Amino acid sequence: RLDCLHPQVAASSLARTPRPHPHAHTPEAQGSMSQGKEDPRMQNFLEEEKRKAMFNEVVSNLANVCFDKCVTTPGSSLGRSESSCLSNCALRYLETGQVIMQRIQRMQ
């Protein structure tokens, strides 16, 4: 299926946000949420959710950049050059991200 390569489809399928619990805004829930910030399990959960959100953003950006660069005329299938371009673009995008992260870590 090629619809997974289209940026809007990729972004909409990957960037789903969880809906808040219907009682999240009650005073009781607010008190328990402030206590949850000190709970290590809650901290771990929140960190994992942040990582997932960052990953989804990277994938969405990669899809947008590479699709715009490589797919000149969307059709029912990809040409050989488009397929090769998408693979190379994705690889370069991810490698560049790794280099940037390594440099940021060295600066800290």
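Below is a short write-up of the structure. (Residues numbered from 1 in each chain as written. Predicted model: local features only at pLDDT ≥ 70, side-chain atom pairs only at ≥ 80, totals over all residues. Heavy atoms only, no water.)

**Considering the environment of Val-71**
Under the convention used in this document: Elements are defined by DSSP. Helices are runs of H or I of four residues or more, strands are runs of E of two residues or more, and each kind is numbered from the N terminus. The buried label applies to any residue whose accessible area, calculated with a 1.4 Å probe on protein chains only, is under 20% of its type's maximum; exposed applies above 50%, and partly exposed to all values in between. The criterion used for residue contact is that any of the two residues' heavy atoms lie within 4.5 Å.
Of note, Val-71 is situated in the loop between α3 (40–70) and α4 (80–107). Residue classification places Val-71 among the buried positions, given a relative accessible area of 10%. Distance in space between the C-alpha atoms of Val-71 and Leu-86 is 8.2 Å, their sequence separation being 15 residues. The residues touching Val-71, leaving out its near neighbours within four places in the chain, are Cys-66, Leu-78, Glu-82 and Leu-86.

**Examining the packing of α3 against α4**
Applied cut-off: Axis angles are defined between N-to-C directions and span 0 to 180 degrees, where every axis is a line fitted to C-alpha atoms and, for a helix, only to the segment in contact. When describing relative orientation, an angle under 35 degrees is termed roughly parallel and one over 145 degrees roughly antiparallel, while 65 to 115 degrees is termed roughly perpendicular and anything else oblique. The handedness criterion is simple: a crossing whose near helix is rotated anticlockwise from the far helix by less than a right angle is left-handed, and one whose near helix is rotated clockwise is right-handed.
Between α3 and α4, whose axes approach to 9 Å, the crossing angle comes to 140°. Comparing their axes, α4 and α3 come out oblique. For α3 against α4, the interelement crossing comes out right-handed. Contact with α3, carried on its side by Val-58, Asn-61, Leu-62, Val-65, Cys-66, Phe-67, Lys-69 and Cys-70, involves Glu-82, Cys-85, Leu-86, Cys-89, Ala-90, Arg-92, Tyr-93 and Leu-94 of α4 and no other residues of that element.

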